[in-house]
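# Analysis of the macromolecular model
One-letter residues, chain by chain:
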Amino acid sequence: MQMICHFDVTDFASWKQAFDADAEARRDAGLSVLQIWQHADSSSKASVLLNVNDRKRADDWLSRSNALSSDDKGTVTSSTAYFVKPA
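A few points on the structure.

Right, let's get into the nonpolar core. In this structure, M3, F7, W15, L31, V48, L50 and W61 are the most contacted members of the largest nonpolar core, which totals 16 residues. Elements with a minimum of two residues in this core: β1 (2-9), α1 (12-21), β3 (45-52) and α3 (55-67). If near-sequence neighbours (up to four positions away) are discounted, F7 is found in contact with W15, S44, K45, A46, V48, V76, S78 and S79.

This is how it looks when you write it as structure tokens:
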């Protein structure tokens with residue numbers, strides 16, 4: 001299973017630095033980054049594709065990340081996440 005996350009951010013470079021700093025928490029949640037995209041027409045939008053090893057731990061990571069704005073150093077203004085699987 002994979003998860004696609006879309007982020008509205010204050011600035012892509014600042015968000016990316018904060019996102020990279022959270023790598024250990026993602027690993028602990030059984031998530032691995034497959035791809036990160038900066039939107040071509042906006043420096044305030046980012047998308048991430050993650051591999052999900054454990055749905056429950058991934059849900060917990062999402063809840064924690066949404067609750068703790070310090071994790072993203074205030075760079076995320078809104079986010080959405082979708083769990084997907086191959087059709």
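In terms of burial, β3 is a largely internal element, six of the eight residues being buried. In the sheet, β1 pairs with β3 via seven bridges, with the strands oriented antiparallel. By the bridge assignment for β3, C5 is matched with V48. As paired strands, strand β2 (residues 31-38) and β3 are joined by seven bridges and run antiparallel to one another. Pairing of Q35 across the sheet is with L49, part of β3. The antiparallel hairpin formed by β2 and β3 contains six residues in its connecting segment.

The rules behind each value
Residues numbered from 1 in each chain as written. Predicted model: local features only at pLDDT ≥ 70, side-chain atom pairs only at ≥ 80, totals over all residues. Heavy atoms only, no water. Core = buried A, V, L, I, M, F, W, Y, C linked by side-chain atoms within 4.5 Å. Buried < 20%, exposed > 50% of the residue type's maximum accessible area, 1.4 Å probe, protein only. Helix = DSSP H or I, 4+ residues; strand = E, 2+ residues; numbered from the N terminus. Contact = heavy atoms within 4.5 Å. Pairing = 2+ DSSP bridges.

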